[in-house]
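An overview of the molecular structure
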Amino acid sequence: MKSKIGILVLFLFYQFSSGQILTRIPLYGQAVNDSIKIENGIIFNINSKTGTVINSQGFFTVLAKVNDTLVFSSLAFKTKRIKLAQKDFSSSSLRVKLEILTKQLVEVVIYAKKSIHPIEAGNLQKYVDMQYFDDEKYSPKNRTMPSDGPLKTE
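None of these values were measured; they are calculated from a predicted model.

A word on the pairing of strand 3 (residues 50–53). Regular strands place their side chains on alternate faces of the sheet. Here strand 2 (residues 42–45) pairs with strand 3 via four bridges, running antiparallel. Note that in strand 3 the partner of Ile43 across the bridge is Thr52. In textbook terms, the turn of a hairpin is the stretch between consecutive antiparallel strands, and for strand 2 and strand 3 this stretch comprises four residues, one of which, Lys49, has a positive phi near 55°.

Here's what the structure looks like:
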C-alpha cells in the first residue's frame, strides 16, 4: 500500500513539474520613433494574456513564441499589432516603429473684450459670486440685516 501511494505521489510530482515548463522564451526589443522618445508604453501578448511595460529608453522584454500576437500601445502613439515569426527570434532584438497619433483640433477665434465696466465699490461680493460658483454656496448671508446696510438709529 505504501508503494502505491509513493508511486502516485511520484506521478503527481512529475505532472506538476512538467506542467511548469514554459514554451515561451524571452524576446528582447526596442520601441522607436523618428522624433519622440517612447517611454512607459504597454506591450500585451494576446495569446498568453501577459504583458509588460516599455522602460524610459524604449526597451522591453516579453515572453513569446512563434505565431504569438503582440499589441504595442502608448499614450501618444497609434496602437500596433505584430504577429511574430521565426525571424523575429533569430535576431538579437526586435525593433518596432510606432507612429505618432495626431489629432487635428477645430479652429478657435478669440476676441478681446473692448468695453470696460467699472465695479461699484459698495457691493463686490455679488460679482465674486457670479464669477466663482463655489463662492456662491459659501458666502454668508446675514438675514438679520437689510440688504441696503445696517439700520440707522437716531
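Moving on to the nonpolar core. Among the nonpolar cores identified, the biggest contains 17 residues, and Leu27, Phe60, Leu70, Phe72, Leu84 and Leu98 are the most heavily contacted of them. Of all the secondary-structure elements, those providing two or more residues to this core are strand 1 (25–32), strand 4 (59–64), strand 5 (69–74), strand 6 (77–83) and strand 7 (94–97). It is strand 4 that contributes the most residues to this core, three residues altogether. Beyond its immediate chain neighbours, meaning those up to four positions away, Leu98 contacts Ala31, Val32, Asn33, Ile38, Phe72, Phe77, Lys78 and Lys80.

Bringing the environment of Glu99 into the picture now. Mapped onto the elements, Glu99 comes out in the loop between strand 7 and helix 3 (125–131). Separated by 63 residues in sequence, Glu99 and Ile36 have C-alpha atoms that sit 9.8 Å apart.

About the thresholds
- Per chain, residues are indexed from 1 in the order of the written sequence.
- Only residues with pLDDT of 70 or above have their local features reported here, since the model is predicted, and side-chain atom pairs are shown and tallied only from 80 upward, although totals for entire chains, interfaces and linings are computed over all residues.
- Water and hydrogen atoms were dropped before computing side-chain values, which therefore reflect all heavy atoms in the structure.
- By definition, two strands form a pair when at least two bridges between them are found by DSSP.
- Only DSSP runs of H or I with at least four residues qualify as helices, and only runs of E with at least two residues qualify as strands; both kinds are numbered from the N terminus onward.
- Nonpolar core, defined: a set of buried Ala, Val, Leu, Ile, Met, Phe, Trp, Tyr and Cys residues in which side-chain atoms within 4.5 Å join the residues together.
- Type-normalised accessible area, obtained with a 1.4 Å probe on protein chains alone, sets the label of each residue: buried when under 20%, exposed when over 50%, and partly exposed for intermediate values.
- In this analysis, two residues are considered to be in contact whenever any of their non-hydrogen atoms come within 4.5 Å of each other.

So, to be careful, I would describe these as geometric facts and stop short of saying anything about function.
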